[in-house]
Amino acid sequence: MLDVPEVAVADTPLPVVVTADRPDLLLHARLECPDRGEPVAVTMLRPDGHCRYDGYLLPPVGTWRVVVEAVAEVPPVVISDLVFIAPAD
């Protein structure tokens, strides 16, 4: 399960939290354009050892898709959600 805020403020850390069935996954998160799929920020999520993973992305203003991928899984497992990033002012 992917947990990200629906609305956040630009240039402040956007928390990305995933709850999974296993504690041994390698998860990458990226912020991408929902139309073109171009990434604007990427990070690896840190495991807590109890099936929860977290990290942060620094988003610019706009509407973005947060994509989390289990990179070592075959076939790859991908989850995503949209987030709106408002100006800081």
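These numbers were taken from a predicted model, which means no experiment stands behind them. (Residues numbered from 1 in each chain as written. Predicted model: local features only at pLDDT ≥ 70, side-chain atom pairs only at ≥ 80, totals over all residues. Heavy atoms only, no water.)

Further remarks concern the overall build of the chain. A tally of regular secondary structure across the chain gives zero helices and nine strands. Starting at the N terminus, the α and β elements of the chain follow one another as β-β-β-β-β-β-β-β-β. Summarising its shape, the C-alpha atoms of the chain cover approximately 40 × 25 × 15 Å along the three principal directions. Each of the 89 residues in the chain was classed as buried or not, and the buried ones make up 35%. Taking all contacts inside the chain whose residues are at least 6 apart in sequence as the whole, residues at least 24 apart take part in 59%. (Helix = DSSP H or I, 4+ residues; strand = E, 2+ residues; numbered from the N terminus. Buried < 20%, exposed > 50% of the residue type's maximum accessible area, 1.4 Å probe, protein only. Contact = heavy atoms within 4.5 Å.)

A few words now on the nonpolar core. Counting residues in each nonpolar core, the largest one holds 23 residues, and the members touching the most others are Val16, Leu27, Leu31, Leu45, Val66 and Val68. Those elements that place two or more of their residues in this core are β3 (14-19), β4 (27-32), β7 (52-57), β8 (62-70) and β9 (77-86). (Core = buried A, V, L, I, M, F, W, Y, C linked by side-chain atoms within 4.5 Å.)

For the bond from Val74 to Pro75, the omega torsion is -5°, close enough to zero to count as cis. Along the chain, Pro75 turns up in the loop between β8 and β9. Of note in the backbone geometry, Asp11 takes a positive phi value of approximately 60° without being a glycine. Looking at the element boundaries, Asp11 is found in the loop between β2 (7-9) and β3. We note that Cys51 has phi near 70°; this positive angle belongs to a residue other than glycine. Relative to the helices and strands, Cys51 is located in the loop between β6 (46-47) and β7. Overall, Cys51 belongs to the buried group, its relative accessible area being 19%.

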